[in-house]
Amino acid sequence: MTLRHFLRDDDITHEEQAQILARAARIKAAPFTDRTLVGPEVVAVLFDKQTLRTQLSFSAAIAHLGGFPMIVDGKLAQVGVRESIADVARVMGREAVAIVWRTYGQDRIEEMARYAQVPVINALTDDFHPCQVLADLQTIQEHRGDLPGLTLGYLGDGANNMAHSYLLGGALAGMHVRVATPSTHQPKPEILERATELAAQHGGSVLVTDDPIEAVRGADAVATDTWVSMGQEKEKDHRQGEESPFLRFQVNTELMAHADAEAIFLHCLPAYRGFEVTADVIDGPQSVVWGESENRLHAQKAILSWLVEQHRNGESA
Ligand code: CP
């Protein structure tokens, strides 16, 4: 059996995504019933970029499953500098039952997965943030019901990892995903193409527009993200300044009024009030961001335990 990883949202099928979300819901209702990592088995969790939620939620997830989170500081490990990604993967795969990595290029995590011999989970790369979108889908499901046919409007940087993961993860779920972004910050063409293909297979649709109202009109969920993703700090003055290309894409009460009356507001956090979202929206009644943040724990327990189980079943088959 092929070793499975979760490096991008479409590394799982539509049916598997539904199973994993159902597992996340079960785990949320009964947090300590899944003991897949009892031993405790070690899961290596590496960070090459800043984090709060991801370190917290993966540490808690691994502990809840009966395992031990071995947090590795990327500045110490210097993966790919001090030694090759392949050698790091070979070492970690001997001691850990899974590897979770937040890094820069998608090529880095793909190389890790090629050599690790244990499941590898993407905890954010420049291109994708699939664990976040899994948690977001769980949140949407909790508030708006079955995902197929629901509409998600995302506003902001259409070229960042959240936009890409909403496109793939939402389309895989059979949702209508609309991305409002300036023409200068379009999603990568190959990701848009893949999302369009997935949407066609599962009854959803994909739209990229520069009209914020078109993206949120009648939407069940409205989402945004920081205009300055990790690694873009040097562009902060431009991205958040008076000439920012994203100003028209701010989520405020005026814009939210175009969404469905029961629409929820999502933000992966950290949030910058007054830039991508106004305080009255993120701190208002339609905002579900704190529950969304908590769902990182449940969704990650589900994907991690599912992948480890798949690997064990494959080894014993
Ligand atoms: N949303 C998210 O991934 O949060 P952190 O960057 O704090 O981990």
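Computed from a predicted model, the values in this text were never measured in an experiment.

Brief notes about unusual backbone geometry
Piece 1. Of note, the amide linkage connecting Gly39 to Pro40 takes the cis form, showing an omega dihedral of 5°.
Piece 2. Residue placement: Pro40 occurs in the loop between helix H1 (14-29) and strand S1 (42-47).
Piece 3. The residue after Leu269, namely Pro270, is reached through a cis peptide bond having omega 5°.
Piece 4. Looking at the secondary structure, you find Pro270 in the loop between strand S9 (264-267) and helix H12 (279-282).
Piece 5. Residue Leu124 is not a glycine yet carries a positive backbone phi of 120°.
Piece 6. At Leu269, a position not held by glycine, the phi torsion is positive, near 70°.
Piece 7. With respect to the secondary-structure elements, Leu269 resides in the loop between S9 and H12.

A few points about helix H5 (residues 106-116)
Piece 1. Listing the buried residues of H5 in full gives Gln106, Arg108, Ile109, Met112, Ala113 and Ala116. Looking straight down H5, one finds that the buried residues subtend no more than 160° of arc, so they occupy a single side. When the buried face of H5 is taken as reference, the exposed residues oriented beyond 90 degrees from it are Asp107 and Arg114.
Piece 2. Where H5 is buried, its residues touch helix H4 (85-95), strand S3 (98-102) and strand S4 (120-122).
Piece 3. Once H5 finishes, Gln117 follows within two positions and takes phi at roughly 65°, a positive value.

Digging into the confidence of the model for the chain
Low-pLDDT portions of the prediction should not be read for the details of their coordinates.
Piece 1. A residue-level look at the chain finds 99% of positions with pLDDT of 70 or above and a mean pLDDT of 97.
Piece 2. Taken element by element, the chain is modelled with least confidence in helix H10 (residues 236-240), mean pLDDT 90, and with most confidence in helix H6 (residues 130-144), mean pLDDT 99.

Digging into the site of the ligand
Piece 1. Residues in close proximity to the ligand include Thr51, Leu52, Arg53, Thr54, Arg102, His129, Gln132, Met230, Cys268, Leu269 and Arg296, which together make up its full environment.
Piece 2. Thr51 is positioned such that a nitrogen or oxygen atom in its side chain is 2.7 Å from an oxygen atom of the ligand.
Piece 3. Between the ligand and Arg296, the relevant distance is 3.1 Å, taken from an oxygen atom to a side-chain nitrogen or oxygen of the residue.
Piece 4. Its free accessible area being 260 Å², the ligand has 96% of it covered by the protein chains.
Piece 5. A class-by-class count of the residues in the shell around the ligand yields four nonpolar, four polar and three charged.

With respect to the pairing of S1
Piece 1. With five of six residues buried, S1 is to be regarded as a mostly interior element.
Piece 2. One ladder, built from six bridges, connects S1 with strand S2 (residues 68-73); its direction is parallel. When the bridges of S2 are listed, Phe47 appears paired with Asp73.
Piece 3. In this region the chain leaves S1, passes through helix H2 (residues 53-64) and returns to the parallel neighbour S2; the handedness of that crossover is right-handed.

Here's the deal with H2
Each full turn of the α-helix corresponds to 3.6 residues, which orients residues three or four apart in the same direction.
Piece 1. Under the 1.5 Å per step criterion, the end-to-end length of H2 is 16 Å for twelve residues, consistent within 8% with the ideal 16 Å.
Piece 2. Along H2, the residues classified as buried are Arg53, Thr54, Ser57, Phe58, Ser59, Ala61, Ile62 and His64.

Here we look at the pattern of salt bridges
A side chain of one charge can pair with a side chain of the opposite charge if their charged atoms are brought near each other.
Piece 1. Per the stated rule, a full pass over the model turns up 17 salt bridges.
Piece 2. Among the salt bridges present, the one from Asp10 reaches Arg8, with a minimum N-O distance of 2.6 Å.
Piece 3. Residue Lys49 pairs with Asp126 through a salt bridge whose shortest N-O separation is 2.6 Å. Highlighted residues: Lys49 in the loop between S1 and H2 and Asp126 in the loop between S4 and H6, separated in sequence by 77 residues.
Piece 4. In the salt-bridge network here, residues are joined through shared partners; they are Arg8, Asp10, Arg194 and Glu197.

Scoring rules and cut-offs
- Residue indices follow the written sequence of each chain, beginning from 1 at its first position.
- The predicted nature of this model means local features are confined to residues of pLDDT at least 70 and side-chain atom pairs, given and counted, to a pLDDT of 80 or more, with totals for whole chains, interfaces and linings taken over all residues.
- Based on all heavy atoms of the structure, the side-chain values leave hydrogens and waters out of the count.
- What counts as a helix is a DSSP run of H or I of at least four residues, what counts as a strand is a run of E of at least two, and both are numbered from the N terminus.
- Here the term buried applies to any residue with accessible area under 20% of the maximum for its type, exposed to any over 50%, and partly exposed to those in between, with areas from a 1.4 Å probe on protein chains only.
- Working note: the arc is built from the helix axis to C-beta atom directions.
- Should any heavy atoms of two residues lie within 4.5 Å, those residues are counted as being in contact.
- pLDDT is defined as a per-residue confidence score from the predictor, taking values between 0 and 100.
- Summary of the distance rule: residues count as near a molecule or strand when at least one heavy atom falls within 4 Å of that molecule or strand.
- Counted as a polar contact is a pair of N or O atoms within 3.5 Å, where, for protein atoms, one must be capable of donating a hydrogen and the other of accepting one, and residues adjacent in sequence contribute only when both atoms are in side chains.
- Note on areas: these come from Shrake-Rupley sampling with a 1.4 Å probe, and a residue is covered only by the protein chains present in the view.
- Gly is put with the polar residues, along with every residue not named as nonpolar or charged; the nonpolar set is Ala, Val, Leu, Ile, Met, Phe, Trp, Tyr, Cys and Pro, and the charged set is Asp, Glu, Lys and Arg.
- A pair of strands is considered paired only if DSSP assigns at least 2 bridges between the two.
- Here, the term right-handed applies to a crossover whose path from the first strand over the helix to the second runs clockwise when the strands point away from the viewer.
- Between the first and last residue of a helix there are one fewer steps than residues, each counted as 1.5 Å, and that sum is the expected span.
- Salt bridges are counted wherever a side-chain nitrogen of Lys or Arg sits within 4 Å of a carboxyl oxygen of Asp or Glu.

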